[in-house]
Amino acid sequence: MNGTIPARLQRFDPSLEQIDPDEPQVTEALTETMLSIAYKTYADSAHAIRCVHAKSHGLLEAEVEILDHLPSPLAQGIFAHPGTFDAVLRLSTTPGDLLHDSVSAPRGMSLKILDVEGDRLPGSEHSTSQDFVMVNGKVFNSPSGKAFLGNLKLLAATTDRAEGAKKIFSKLLRGVESVAETVGKELTPVKVMGGQPMTHMLGESVYTQVPVRFGHHVAKLGLVPASENLKALIDKPVSVNGDEDVHRHLIEEFFRHETAVWHLQVQLCTDVSEMPIEDPMALWDEEKSPYITVATVTARPQTSWSQERSEIVDDGMKFSPWNGITDHQPLGQIMRMRKLAYERSAAFRSERNRTPVTEPRSCPFHHAPASVVEETQARVFP
């Protein structure tokens, strides 16, 4: 464990969330906009893919070890007791179409921790896993649900169009972002539109960006490089050289012989007046509450991507903040809006692809797909 737990902590209470009267309408519009991306890509390929984070670069078998002797504020939810869990990691980039890697977009890492205990969130009662969905930025890319809807409409309008122009635009935006970072600013909207610096994906730190319940408390979570071989890849430049899947190939090269270790960390909320729940672009002060390690995530040498793994994970799984236990309930408007969108996106894929979307009961890479899922959940719990 590193960092000091703040003396004052925000106690979780359902009243901390403030729901705007028009949130259901905005949620429905957001969901329909996301599905418009899926319909477009499906019409082009006859294969249903995710509305966002469609392209996977690494599909990893991992192990999550909860640290022993965590103090009470950190020993919450699935972290209440030391133990080791099997897990699946999916590394991806944000667009809803499968683009050449020269179109550089924000990176995501979704963690599915298997066979956890606890009361389940609505809609995940027949699952036994806990998902944490994270992106390489500490805050969300829009200040509100309505603003996010506007940004998503812009992205939806460009889905599967003019990849050559996207490559040029991405290169220009990366120049803007690199200049901003030299003066200590990170332009999140620029990264969303294609200005993500072209660096090695395994050097990234990723975050939930918006808060979740953390047992009796409220927190944001992060996953940061811990092993020296991952730290060596932080900000390491990558040259595409015409390779449309360069990130996938670099990750494959790493996991032929290397073991990766990340720290799973928690930033506890001290007071919602200073660390708000409903402002998705609020950066919580790390001097008042640092990120503290509660677990390690280890991925050993393996085949990090294959068509078989893609069918199992890309087609056959969903990663949703709402797949988990009540002690890690997603909080805030962005998280609430994600629930319907993720459910319908998964259902869209499950209804159209050969592999239905299900929840694994054990590590899916050890067995044939049919032996690790309950087929009865294929349509009910997408």
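Preceding block: the structure.
In this text the structure is predicted, and so the values were computed from the model without any measurement. (Residues numbered from 1 in each chain as written. Predicted model: local features only at pLDDT ≥ 70, side-chain atom pairs only at ≥ 80, totals over all residues. Heavy atoms only, no water.)

S.K.: Would you mind going over the environment of Asp-101 with me for this structure?
M.R.: Structurally, Asp-101 is set in the loop between β2 (83-93) and β3 (107-113). In this structure the C-alpha to C-alpha distance between Asp-101 and Lys-55, which are 46 residues apart in sequence, comes to 9.7 Å. Among residues more than four places away in sequence, those in contact with Asp-101 are Lys-55, His-57, Met-198, Val-240, Asp-243, Glu-244, Asp-245, Val-246, His-247 and Arg-248. Within the structure, Asp-101 has its side chain in polar contact with the backbone nitrogen of Val-246 (distance 2.9 Å). (Helix = DSSP H or I, 4+ residues; strand = E, 2+ residues; numbered from the N terminus. Contact = heavy atoms within 4.5 Å. Polar contact = N/O pair within 3.5 Å; in protein donor to acceptor, adjacent residues only side chain to side chain.)

S.K.: In this structure, what is going on with the environment of Glu-258? I would like to understand it.
M.R.: Examined against the element boundaries, Glu-258 turns out to sit in the loop between α6 (246-255) and β8 (260-268). C-alpha separation for the pair Glu-258 and Asn-229, spaced 29 residues apart in sequence, amounts to 8.0 Å. Once residues lying within four places of it in the same chain are set aside, the contact partners of Glu-258 are Asn-229, Ala-299, Arg-300 and Pro-301. Within the structure, Glu-258 has its side chain in polar contact with the side chain of Asn-229 (distance 2.9 Å).

S.K.: How should the layout of surface pockets be read in this particular structure?
M.R.: Empty space among the atoms becomes visible once a probe the size of a water molecule is rolled across them. Taken as a whole, the second largest pocket encloses approximately 500 Å³ of empty space. Forming the boundary of the second largest pocket are 25 residues, of which His-47, Ile-49, Ala-54, Leu-98 and Ser-310 lie nearest the centre. At five residues, the largest contribution of residues to the lining of the second largest pocket is made by helix α7 (residues 307-315). Class assignment of the residues belonging to the lining of the second largest pocket gives a composition of six nonpolar, six polar and 13 charged. (1 Å grid on protein atoms, 1.4 Å probe; cavity = no way out; pocket = protein on both sides within 12 Å on 5 of 7 lines; lining within 4 Å. Points joined across faces, edges and corners; volume = space filled by probe spheres on them. Nonpolar A, V, L, I, M, F, W, Y, C, P; charged D, E, K, R; others polar.)

What is shown is where atoms sit, not what they do.
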